[in-house]
Amino acid sequence: MGYTIGVDVGGTFTDVVLGGTSGAIAVAKCLSTHYDPIAGIVAGVTRALGDRDPAQVTRVVHATTLATNAVLERKGVRVAFVTTQGFRAAIPLGRYARVEEDRYDLRFSPPPPPVAAGDCFEVVERVSARGAVLTPLDLGSVRRAAAAITARGITSAAVCLLHAYANPAHERQVAEVLRESIPDVVTSSEIWPEIREYERATTTIMSAYIGPLMASYLSQLRERLAEIGIRAPVHVMESSGGVISAELAARRAVATIESGPAAGVLAAAGTGFPDVISFDMGGTTAKACVVRGGAPEITNEFHVGGKGSFGGRRAGTGVPIKTPAIDLAEVGAGGGSVAWLDAAGALRVGPHSAGSSPGPACYGLGGSEPTVTDANLVLGYLSSASLPLTPDLAAKALDRLASPLGVSREEAAYAVHEIVSASMASAVHVVTVQRGIDPRGFALVAFGGAGPMHAARVAERFGIGTVVVPAHCGVASAAGLLTGALSTDRVLSRLDAPDPSAVFTSLTAEAAADLGVSPSDPGVLVSRSVDVRFKGQSHDLTVEWTASREVLAERFFARYEEVYGIAQRGEIELVSYRIRLTAPGPHRFDAGAAEPGTLPSEAAAMPPGRRAYFPEAGGYADVPVHTRDAMAGAPLHGPAIIEDAESTIVVPPGWTATLAETRAVHLTRSTTCQTS
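Residues numbered from 1 in each chain as written. Predicted model: local features only at pLDDT ≥ 70, side-chain atom pairs only at ≥ 80, totals over all residues. Heavy atoms only, no water.

Asks: Help me understand the packing of helix α11 (residues 391-405) against helix α12 (residues 409-431) in this model?
Replies: If you want to describe how two helices pack, look at the angle between their axes and the distance between the axes. Axis separation between α11 and α12 bottoms out at 8 Å; the angle between their running directions is 90°. By the criterion of interaxial angle, the relationship of α11 to α12 is roughly perpendicular. Where α11 approaches α12, its residues A395, L398, D399, L401 and A402 are matched on the opposing element by R409, A412, A413 and V416. Each residue belonging to the contact of α11 with α12 can be placed in one class, and the counts come to 7 nonpolar, no polar and 2 charged. (Axes fitted to C-alpha atoms, helices over the stretch in contact; angles between N-to-C directions. Helix = DSSP H or I, 4+ residues; strand = E, 2+ residues; numbered from the N terminus. Parallel < 35°, antiparallel > 145°, perpendicular 65-115°, else oblique. Contact = heavy atoms within 4.5 Å. Nonpolar A, V, L, I, M, F, W, Y, C, P; charged D, E, K, R; others polar.)

Asks: Would you mind showing me how to read the nonpolar core here?
Replies: Nonpolar side chains in soluble globular proteins generally cluster together in the buried interior. Formed by 90 residues in total, the largest nonpolar core has its most connected members in L444, V467 and L667. If one sorts the elements of this core by residue count, α12 sits on top with 11 residues. Beyond its immediate chain neighbours, meaning those up to four positions away, L444 contacts I277, F279, A455, V458, A459, I464, T466, V467 and V468. Core analysis: the second largest hydrophobic core is formed by 57 residues, V57, M206, L248 and V319 among them. (Core = buried A, V, L, I, M, F, W, Y, C linked by side-chain atoms within 4.5 Å. Buried < 20%, exposed > 50% of the residue type's maximum accessible area, 1.4 Å probe, protein only.)

Asks: Teacher, can you tell me more about the environment of S188 here?
Replies: Note that S188 resides in helix α6 (residues 188-191). The exposure class assigned to S188 is buried, which follows from its relative accessible area of 0%. Between the C-alpha atom of S188 and that of A201, which follows or precedes it by 13 residues, the distance is 6.9 Å. Apart from the residues within four sequence positions on either side, S188 is in contact with V159, C160, A164, E171, P193, R200 and T204.

Asks: Any chance you could explain the sheet that holds strand β12 (residues 243-245) here in plain terms?
Replies: Across a sheet, strands are paired by hydrogen bonds formed along the backbone, either parallel or antiparallel in direction. Spatially, 6 strands are ordered β3-β2-β1-β4-β11-β12 in an open sheet, and the strand pairing comes out mixed. Looking at the sheet topology across the chains shown, the edges are occupied by β3 (25-31) and β12. On average, each strand axis in the sheet is inclined to that of its neighbour by 25°, with strand direction left out of account. In the sheet, strand β11 (residues 234-237) pairs with β12 via 3 bridges, with the strands oriented antiparallel. Residue V236 lies in a different strand from β12, and its bridge partner there is I244. Against the sheet, helix α7 (residues 197-227) makes contact with β4 (57-63) and β11, and its axis sits at roughly 135° relative to β11, the strand it touches most. (Pairing = 2+ DSSP bridges.)

In structure tokens form, the structure reads like this:
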């Protein structure tokens, strides 16, 4: 019997899920170790394995925030940028949008560019948008750039020449010369050969920026796993929800920037509901994503590290990345989010988080600031009987908020609960209402350690009548990794290529080589799409490929009307060609099954009821506390609490909870709830 291990490292917790060929799973959840993330992984894996033979592990799938954190914290390696003569200022000039409080700052200073002006270099060459060589490459200019880069002590370089997507020959020659003295060199034509110079350049730069870190991290991870007897291949979840080898992840590190959130969306998509809103609330952040027809929304461009971008679509906020990613919105709101008073005395929650160290006050690890977790403990939603929490420390932390606000401790705690729910609702608003989607026809799938406590309140704000809390919801992202199929994407920009089939064949062969499969292998799937625009316009839309120009045009017209609300017709042109290749994935695991002795026994004893705070009940009220197994059969009417092995589900007044055959808890509104 073989096992697959899924590992999700978050800002507060590291989740590990072990799946067996029988479909059963075992889980482990431990605090993340930011000083050494691999230490937390090894601890979680060891706990999940128990007394099983580590040699029987056949696959390890990892979702990591390493790339994201390196970009946000600016902890990547120093990068040199090499481009065509006359364009070295493109990156230092950049694009910046003033959002949120920066709109009113008369002394606004844009953030520093990803590469300093002094680290940008030019080489003599020029290629047209159709790939014709206008100015031959001057190898002497390349050698001078290489010498200057080496003299500065820079060991990583990003090469992005003008129109290299149309003809990569010059880029390859530049890279060959640079590699004689510079260890890490990446080119735009190998990372993401797509039209738009600035976005292609920043994508290449970010790959060079985080690539060495990713390669070192994954190498150390394999070594540390081998020390405990696991020598199985390590795979990494990429931003679009596919799984790639650790070796490919090191070469194309930019594809893993949204690795962490992607796995949770896959778990939400597997709940059996065709149209859902994925709602993942962990200890540090909350993420929302729309899943329609069982497939998550995918975007081909996003921004990382900017203010007010939420879903990462607002140009000028952060660094643009041109690579497929699950289209989600993320806010700094989680169980560890700190509640604080601003200069005007108003209560704010987040985005700063207490994380795993020192953690919320109730953890007893040295934290003293009030957090969302402390508030939920004071409100009675959490229990110190089932978790190692200290209510007295949480009460003291909330008292420090209540006193200056002039309210009671419980009122301050509920205000924190409501504010963070409103903050998370803004993420749902971004991926639905702001994109023309009515959320009322969707089910809200809640997971993460804190998500099920807030899900019903978030759903109420949108008139959503169904909330689904999957089995093992506290480690759903790690569980989603178990079903990830090997998959990768390729793109090539060619303005109205004379032979599209040849382009698709070439892209398919490259993708298959990356995954170590053949396009003709049984079970290998290839989806093809193309970017289309009206002739004379500069922006395009992606539609499913067909060889019929007339059918392709109709698909584009329909997509254009769907996006912009305008029925438009005219001459079209094809800009970029895309393929997504998926190799046969592992069997699907039953998320409701668990091997004997791997989880706390939920049926052993019914937890006693406790007092919890609900405004509809006039404050604190005695509410029943159930487990999933104990509630089997009859519906449970709110107010009530359902305690999980990894999370707690709050059923507010006006909601009813039932247990499905999959052991997912379904919450439905039994009365008309107030919406906002």
